[in-house]
Amino acid sequence: MAIASLRISASSLLLSRRLFSPELNALCSYHKKVVDHYENPRNVGTLDKNSKNVGTGLVGAPACGDVMKLQIQVDENGKIIEAKFKTFGCGSAIASSSLATEWVKGKSVDEALKIRNTDIAKELCLPPVKLHCSMLAEDAIKAALSDYRLKQQDKKEERVHATS
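Residues numbered from 1 in each chain as written. Predicted model: local features only at pLDDT ≥ 70, side-chain atom pairs only at ≥ 80, totals over all residues. Heavy atoms only, no water.

Convention followed: UniProt positions are given in the numbering used here, feature names are shortened, and annotations may be inferred rather than shown by experiment.
Where an unreviewed UniProt entry is consulted, the protein appears under the name Iron-sulfur cluster assembly enzyme ISCU, with the organism given as Perca flavescens. What UniProt records for the protein under Sequence similarities (unreviewed entry) is the sentence "Belongs to the NifU family."

If you want it as C-alpha cells, here you go:
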C-alpha cells in the first residue's frame, strides 16, 4: 500500500510540474541535441560588420517571428575562421544557428554554400513543424556569404580605382 501511494505521489508530482512548469514541458518536446545547443549555444556574439573580411546575414520568418543574424569572418585564403550568431526565436531556431556556426568554421566559402537545411534538420532531429528554423539557418549562411562576396567585389573595385 505504501509503495502504491508513493508511486501515485511521484506521478502526480511530475504531472503537476509539467502543468505548472511550462519550461519543463517545452524541453520535454525537444530532442536532446536541440536542448544541448539551446542551453549551451556555441559562438554567440557579433563580429565587426564594417570589416571587409566579415559577412553578415540577417534573415527572419514573419510567420513565427524568428530573427537570425549570422556572421562569418574569412581569412586571406578564403577559409572561414570565425562565425558568430544572435537569434531571437524558439529553441530550434537557436539550435539551428548554433549548429550552423559550428559547421561553417574551417570551410571555404564554396564549401559553406553546400550546407543545406535538410542536413541541419537531420542532425538536430527537428520535427516537420520546426523545419523553417533550419531553413532560416541555411538562408542566414547564404546571406552572410553573399555579403562577404559583395565586400570582396567592392574591395577589388577600390584597388582598380586606386591604381588608375
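## Some details on the environment of isoleucine 81
We count it as follows: Every helix listed is a DSSP run of H or I at least four residues long, and every strand listed is a run of E at least two residues long, numbered separately from the N terminus. When a residue's accessible area, from a 1.4 Å probe over protein chains only, is under 20% of the maximum for its type it is buried; when over 50% it is exposed; and in between it is partly exposed. We call two residues in contact whenever any of their non-hydrogen atoms come within 4.5 Å of each other.
Looking at the secondary structure, you find isoleucine 81 in strand β3 (residues 80-88). Of the residues examined, isoleucine 81 reaches a relative accessible area of 44% and is grouped as partly exposed. Isoleucine 81 sits 23 residues away from valine 104 along the chain, and the two C-alpha atoms are 8.6 Å apart. When sequence neighbours within four positions are dropped, the list of residues in contact with isoleucine 81 reads Gln73, Asp75 and Lys105.

## Re the packing of helix α3 (residues 32-39) against helix α4 (residues 91-104)
Formally: Angles here are taken between N-to-C directions and fall from 0 to 180 degrees, while the axes themselves are lines fitted to C-alpha atoms, restricted in helices to the stretch in contact. Reported orientations rely on four angle classes, namely roughly parallel under 35 degrees, roughly antiparallel over 145, roughly perpendicular from 65 to 115, and oblique for the rest.
Running from amino to carboxyl end, α3 crosses α4 at an angle of 80°, the nearest separation of the two axes being 8 Å. Accordingly, the angle class assigned to the pair α3 and α4 is roughly perpendicular. Across from Val34, His37 and Tyr38 in α3, the residues of α4 making contact are Gly91, Ser92, Ile94, Ala95, Ser98, Leu99 and Glu102.

## Details of the confidence of the model for the protein
Stated formally: The quantity called pLDDT is the predictor's confidence in a given residue, expressed from 0 to 100.
Averaged over every residue, the pLDDT of the protein is 84; the share at 70 or more is 79%. Low pLDDT, under 50, characterises residues 1-27; the predicted model gives this stretch seven contacts beyond four residues in sequence or across chains.

## Remarks on the pairing of strand β1 (residues 54-61)
In plain terms, the rule: In short, DSSP must find at least two bridges between two strands for them to pair.
Of the strand pairs in this sheet, β1 and strand β2 (residues 66-74) are connected by eight bridges, and their pairing is antiparallel. Each bridged residue has a counterpart across the sheet, and for glycine 60 the counterpart in β2 is valine 67. Here β1 folds back onto β2 in antiparallel fashion, the turn holding four residues, of which glycine 65 has a positive phi close to 90°.

## Considering the sheet that holds β1
The strand order across the open sheet formed by three strands is β1-β2-β3, and the pairing between neighbours is antiparallel. Unpaired on one side and paired on the other, β1 and β3 mark the two borders of the sheet. Recorded for the sheet is a direction-independent mean angle of 15° between the axes of neighbouring strands. Sitting on the sheet, α4 is in contact with β2 and β3, with an inclination near 175° to β3.

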